[in-house]
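What the coordinates show
So the chains spell out like this:
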Amino acid sequence: MRKIAVLYTGSSHQHRSFTEPKYRQYIADLLYLPKLAEIDLHAYDVLIIPSQIHQGLVTRHLPQIHEFLNSGKVVVALGAQPNDWFSGHNWEHRPTNFWWWLEPGAKSGLVMSSPSHDLFSHIQLEDATWHYHGVFFPEQKVESLIDIERDGSIFYVDKQSTQGTLVVTTLDPEYHYGSYFMPATERFLDGFLPWLATGRI
């Protein structure tokens, strides 16, 4: 099983999501972000950057995060990503429709772009369906797993732009699960964390 660490700032939603026993079993350590420079990341295989985290602190520690990634490790970045933390992702904001499912004949607009990927042996598209905050148009060759129809990617795996593996999504499951709403986010985490721990990334 891969050794997973999570950047942590003590937010209530982070605490609930990453200390919940069924998820905590996959998390080796919560790394307090303001003290990250004192921590040897190479003890871990995967580093998760949660959504709704202090962006200035992440930016301050980017050289350390990039060094970890370029040592062949996996970095997972969740949520809206307007900052250029990872080159060439070409983030574009999209208005978030929180209530699309109340519209007659509602469709999320999400499509599986790589349905044979191992992620989808752990989750279904419906488990990744609540809302999104923007899209990516990566410059490099990546494997997009979930797209917006006739638009960009909201979930992709990049094994080309660095020496490691970058898993990037605009989805924010740990924020909603930790805030006690959006049932799909629990189903997503039920499959996503085991996939990070033992699946074929």
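Residues numbered from 1 in each chain as written. Predicted model: local features only at pLDDT ≥ 70, side-chain atom pairs only at ≥ 80, totals over all residues. Heavy atoms only, no water.

**Re the packing of aromatic side chains**
- For the coordinates displayed, the defined rule picks out 7 aromatic pairs.
- On the basis of an interplanar angle of 90° and a centroid distance of 6.2 Å, the ring pair of Phe 155 and Phe 192 is categorised as edge-to-face. A residue pair is termed long-range when its members are at least 10 positions apart, and Phe 155 in strand 9 (residues 153–158) and Phe 192 in helix 6 (residues 183–198) qualify at 37 residues. Each of the two residues, Phe 155 as well as Phe 192, counts as buried.
- Ring pairs connect the aromatic residues Trp 130, Phe 155, Phe 188, Phe 192 and Trp 195, which therefore count as one cluster.
- If you follow Arg 16 out to its NZ or CZ, it ends over the ring of Tyr 177, 4.0 Å from the centre.
- Lying across the ring of Tyr 180, Arg 16 places its NZ or CZ 3.8 Å from the centre. (Phe/Tyr/Trp six-rings, centres within 6.5 Å; stacked < 30°, edge-to-face > 60°. Helix = DSSP H or I, 4+ residues; strand = E, 2+ residues; numbered from the N terminus. Buried < 20%, exposed > 50% of the residue type's maximum accessible area, 1.4 Å probe, protein only. Lys NZ or Arg CZ within 6 Å of the ring centre and 35° of its normal.)

**Things to note about the pattern of salt bridges**
- Within the structure shown, the criterion is met by 6 salt bridges.
- A salt bridge links Glu 186 to Lys 22; its shortest N-O distance comes to 2.6 Å. Of this pair, Glu 186 sits in helix 6 while Lys 22 sits in helix 2 (residues 21–24), and the two are 164 residues apart along the sequence.
- Under the relative-accessibility criterion, Lys 22 is labelled partly exposed at 29%.
- Measuring nitrogen to oxygen at the nearest pair gives 2.7 Å for the salt bridge that ties Asp 127 to Arg 187. Here Asp 127, found in the loop between strand 6 (110–112) and strand 7 (134–136), pairs with Arg 187, found in helix 6; they are 60 residues apart in sequence, far enough to count as distant.
- Here Arg 187 falls in the partly exposed class, since its relative accessible area comes to 39%.
- Connected through shared salt-bridge partners, Lys 22, Glu 186 and Asp 190 make up one network. (Salt bridge = Lys/Arg side-chain N within 4 Å of Asp/Glu carboxyl O.)

**As for the pairing of strand 4 (residues 74–78)**
- A large share of strand 4 lies buried, amounting to 5 of its 5 residues.
- By the alternation rule, side chains of strand 4 split into Val 74, Val 76 and Leu 78 and Val 75 and Ala 77, which are all buried.
- The pairing of strand 3 (residues 46–49) with strand 4 spans 4 bridges and is parallel. What sits directly across from Val 46, in strand 4, is Val 74.
- As paired elements, strand 4 and strand 10 (residues 165–169) share 5 bridges and run parallel to each other. Its bridge partner being in strand 10, Val 75 is matched across the sheet by Leu 166. (Pairing = 2+ DSSP bridges.)

**What about the nonpolar core?**
- The biggest cluster of nonpolar side chains holds 38 residues, and the ones touching the most others in it are Phe 155 and Phe 192.
- Elements supplying a minimum of two residues to this core: strand 1 (4–8), strand 3, strand 4, strand 8 (143–148), strand 9 and helix 6.
- When residues in this core are grouped by element, the largest group, 8 residues, is from helix 6.
- Filtering out sequence-adjacent residues up to four positions away, Phe 155 remains in contact with Leu 119, Glu 143, Ser 144, Leu 145, Ile 146, Val 167, Val 168, Thr 169, Leu 171, Phe 188, Phe 192 and Trp 195. (Core = buried A, V, L, I, M, F, W, Y, C linked by side-chain atoms within 4.5 Å. Contact = heavy atoms within 4.5 Å.)

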